[in-house]
Amino acid sequence: QVQLVESGGGLVQAGGSLTLSCVASGRTFVNSAMAWFRQAPEKEREFVATINWNGDAYYENSVRGRFTISRDNSKNTVYLQMTSLKPEDTAVYYCAQGPMGIRYSGRSYDYWGQGTQVTVSS
């Protein structure tokens, strides 16, 4: 069973930066795709970024150029570096793990973390 634990969320002013981390248990991390999703109050969960086992990364349009997803397979950890944060980035951010490949739908991911709150004040 895979467990994902996110950390790094918090309160930041607009224009600021945060880096989220997600540590995965189990031996499947190196061969998996990892992703970040987010859910704002009263909104549906949305795709943010994904990184394949080989490092190929893809981003949702509104975060491209501001967010960077990366992974350290030696530490079973995926990161989301967020810069130039905006109030509309406020949400609970979730880490997800799934089969290798580029997928944008949450239904494609098998394991989820508990989420970490990111709040951007204006």
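Use the structure listed above.
Along each chain, numbering runs from 1 in the same order as the chain's sequence is written. Totals for whole chains, interfaces and linings use every residue, but because this is a predicted model, local features are given only for residues with pLDDT of at least 70 and side-chain atom pairs only at 80 or more, for both listing and counting. Excluded from the side-chain calculations are hydrogens and water; all other atoms, namely the structure's heavy atoms, are used.

Undergrad: Got a minute to help me understand the sheet that holds strand E8 (residues 77–82) in this structure?
TA: Sheet strands associate in pairs through backbone hydrogen bonding, adopting either a parallel or an antiparallel arrangement. One open sheet accounts for four strands, arranged E1-E3-E8-E7; its pairing is antiparallel. Pairing within the sheet leaves two strands with one partner each, and these edge strands are strand E1 (4–7) and strand E7 (67–72). Within this sheet the neighbouring strands show an average axis-to-axis angle of 15°, counted without direction. In this description, strands pair whenever DSSP reports at least two bridges between them. Numbering of helices and strands runs from the N terminus, with a helix taken as a DSSP run of H or I at least four residues long and a strand as a DSSP run of E at least two residues long. Helix axes are fitted only over the stretch in contact, all axes being lines through C-alpha atoms; the angle between N-to-C directions runs from 0 to 180 degrees.

Undergrad: In this structure, what is going on with the state of the cysteines? I would like to understand it.
TA: By definition, a disulfide links the sulfur atoms of two cysteine residues through a covalent bond. Any two cysteine sulfur atoms within 2.5 Å of one another count as a disulfide. Taken as a whole, this structure holds one disulfide when the rule is applied. Here Cys22 engages in a disulfide with Cys95; their sulfurs sit 2.1 Å apart. What sets the handedness of the Cys22 and Cys95 disulfide is the S-S torsion sign, and at about -75° it is left-handed. Residue Cys22 is located in strand E3 (residues 18–24), and its partner Cys95 is located in strand E9 (residues 91–99); the two are separated by 73 residues in the primary sequence. For the residue pair Cys22 and Cys95, the accessibility class agrees, reading buried in each case. The buried label applies to any residue whose accessible area, calculated with a 1.4 Å probe on protein chains only, is under 20% of its type's maximum; exposed applies above 50%, and partly exposed to all values in between.

Undergrad: Looking at this model, I keep getting lost on the pattern of salt bridges. Mind explaining?
TA: Oppositely charged side chains can form a pair if their charged atoms are brought close together. Any Lys or Arg side-chain nitrogen found within 4 Å of a carboxyl oxygen on Asp or Glu counts as a salt bridge. One pass over the structure, following the stated rule, counts three salt bridges. One salt bridge connects Arg38 with Glu46, and the closest N-O pair in it is separated by 2.5 Å. On the accessibility criterion, Arg38 (5% relative accessible area) is buried. Where Arg38 meets Asp89, a salt bridge forms, and the shortest distance between an N and an O atom there is 3.0 Å. With Arg38 in strand E4 (residues 32–39) and Asp89 in the loop between E8 and E9, this residue pair connects regions lying 51 residues apart in the sequence.

Undergrad: Which parts of the structure should I look at to understand the nonpolar core?
TA: As a rule of thumb, soluble globular proteins bury nonpolar side chains together. Formed by 27 residues in total, the largest nonpolar core has its most connected members in Trp36, Leu80, Met82 and Tyr93. Those elements that provide at least two residues to this core are E3, E4, strand E5 (46–51), E7, E8, E9 and strand E11 (116–121). With four residues, the top contributor of residues to this core is E3. Residue contacts follow a heavy-atom distance rule, with two residues in contact if any of their heavy atoms lie within 4.5 Å. Aside from chain neighbours lying at most four places away, what touches Tyr93 is Glu6, Leu20, Trp36, Phe37, Arg38, Val48, Phe67, Leu80, Met82, Gly115, Thr116 and Val118. Only buried Ala, Val, Leu, Ile, Met, Phe, Trp, Tyr and Cys residues count toward a nonpolar core, and they belong to the same one when joined by side-chain atoms within 4.5 Å.

Undergrad: Honestly, the environment of Asn61 in this entry has me stumped. Any pointers?
TA: On the secondary structure map, Asn61 appears in the loop between strand E6 (57–59) and E7. Note: C-alpha distance between Asn61 and Phe47 (14 residues apart in sequence) is 10.0 Å. There is a polar contact of 2.7 Å between the side chain of Asn61 and the side chain of Arg64. N or O atoms closer than or at 3.5 Å make up a polar contact, with two conditions inside protein: a donor-capable atom paired with an acceptor-capable one, and, for residues adjacent in sequence, both atoms drawn from side chains.

Undergrad: I tried to follow the pairing of E7 on my own but got confused; where do I start?
TA: The side chains of a regular strand alternate between the sheet's two faces. Residues Phe67, Ile69 and Arg71 line the buried face of E7, whereas the alternating positions Thr68, Ser70 and Asp72 sit on a face that is not buried. Where E7 and E8 come together, six bridges link them in antiparallel fashion. Bridge assignment links Phe67 to a residue of E8, and that residue is Met82.

Undergrad: I keep staring at the side chain of Thr77 and nothing clicks. Help me out?
TA: Here Thr77 shows up in strand E8. Polar side-chain contacts of Thr77 include one of 2.8 Å to the backbone oxygen of Lys75.

Undergrad: Just checking my understanding: could you explain the pairing of E8 for this structure?
TA: Summarising the sheet, E3 and E8 pair through six bridges and their orientation is antiparallel. By the bridge assignment, Ser21 is partnered in E8 with Tyr79. In sequence, E7 turns back onto E8 through a hairpin of four residues, with Asn76 there showing a positive phi of about 50°.

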